Amino acid sequence: MSRGKFIALEGGEGAGKSTQARLLADALRQRGQACVITREPGGTAGAEAIRGLLLGTEGEGWHPRAEALLFAAARSDHVERLIIPALERGEWVICDRFVDSSRAYQGGGSGLSDAEVLDLHRIGSGGLLPDLTLLIEVSPAVVAQRLALRDGDQADRIGGRDADYHAAVASAFRRFAAEAPARFARIDGDGAADAVHSAVMAALAALLP
């Protein structure tokens, strides 16, 4: 049995990653390909528990280094218990965020070095990287509209950080894509979901069953 493919969807708040993950999974299943949709932080019972610690709005929150360690711990459990077993069964894994989100949020946004974040990933998850990372890029005006509809004034701890923080995150994502063009596909996410999905499928053409 051939190993499955690992696809991560990345981008800032309101990029539409969850919608695109679902549409991609539907398209793969129509082609007869077994697949798993998952998310970070989360995907396993332990990682979902850590998600609650990270994103809940009660209390004073976490220092950036503690936050990075919690994300790395959640990812380690996720990789060992869900992602690698699914890939070894020949399934595709479609993940809403992976290590590049830690690089962008805890690195670019919170000031940790990229090397520090990647060291945690190497220790916790063996340095696993997706076969392809789909970076869905959305203009700030569209993001604002989507978040107003999705969250109102109830954003989670990280989503509710200020505009400068999220601008730094977006800049970091762009840098990663420019530095590793073979692993990243940049997708214009401003359009309707079906148009974005078409761009996703085009980006995946070489990998599709």
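Rules behind the numbers
- Residues numbered from 1 in each chain as written.
- Predicted model: local features only at pLDDT ≥ 70, side-chain atom pairs only at ≥ 80, totals over all residues.
- Heavy atoms only, no water.
- Phe/Tyr/Trp six-rings, centres within 6.5 Å; stacked < 30°, edge-to-face > 60°.
- Helix = DSSP H or I, 4+ residues; strand = E, 2+ residues; numbered from the N terminus.
- Buried < 20%, exposed > 50% of the residue type's maximum accessible area, 1.4 Å probe, protein only.
- Lys NZ or Arg CZ within 6 Å of the ring centre and 35° of its normal.
- Pairing = 2+ DSSP bridges.

J.: Honestly, the packing of aromatic side chains in this entry has me stumped. Any pointers?
T.: Centre-to-centre distance and the angle between the planes together describe a pair of aromatic rings. A full pass over the atoms with the stated rule returns 4 aromatic pairs. Judged by centre distance (4.9 Å) and plane angle (85°), the rings of Phe-6 and Phe-98 are edge-to-face. On the criterion of sequence distance, the pair formed by Phe-6 in strand 1 (residues 6–10) and Phe-98 in the loop between strand 3 (92–96) and helix 4 (99–109) is long-range, its members being 92 residues apart. The interplanar angle of 55° and the centroid separation of 6.1 Å between the aromatic rings of Tyr-105 and Tyr-165 together place this pair among those described as tilted. Here Tyr-105, found in helix 4, pairs with Tyr-165, found in helix 7 (residues 163–179); they are 60 residues apart in sequence, far enough to count as distant. For the pair Tyr-105 and Tyr-165, one class covers both residues: buried. Grouping aromatic residues by their ring pairs yields a cluster made of Tyr-105, Tyr-165, Phe-173 and Phe-176. Just above the ring of Phe-98 sits the side chain of Arg-75; from NZ or CZ to the centre is 5.4 Å. Positioned over the ring face of Phe-176 is Arg-103, at 3.8 Å from the centre of the ring.

J.: Mind showing me how you'd approach the pairing of strand 1 here?
T.: The side chains of a regular strand alternate between both faces of the sheet. A large share of strand 1 lies buried, amounting to 5 of its 5 residues. Both faces of strand 1 are covered, namely the face carrying Phe-6, Ala-8 and Glu-10 and the face carrying Ile-7 and Leu-9. As paired strands, strand 1 and strand 3 are joined by 4 bridges and run parallel to one another. Along strand 3, the bridge assignment pairs Ala-8 with Cys-95. Here strand 1 runs beside strand 4 (residues 132–137); their pairing, made up of 4 bridges, is parallel. Within the sheet, the bridge partner assigned to Glu-10 lies in strand 4 and is Leu-135.

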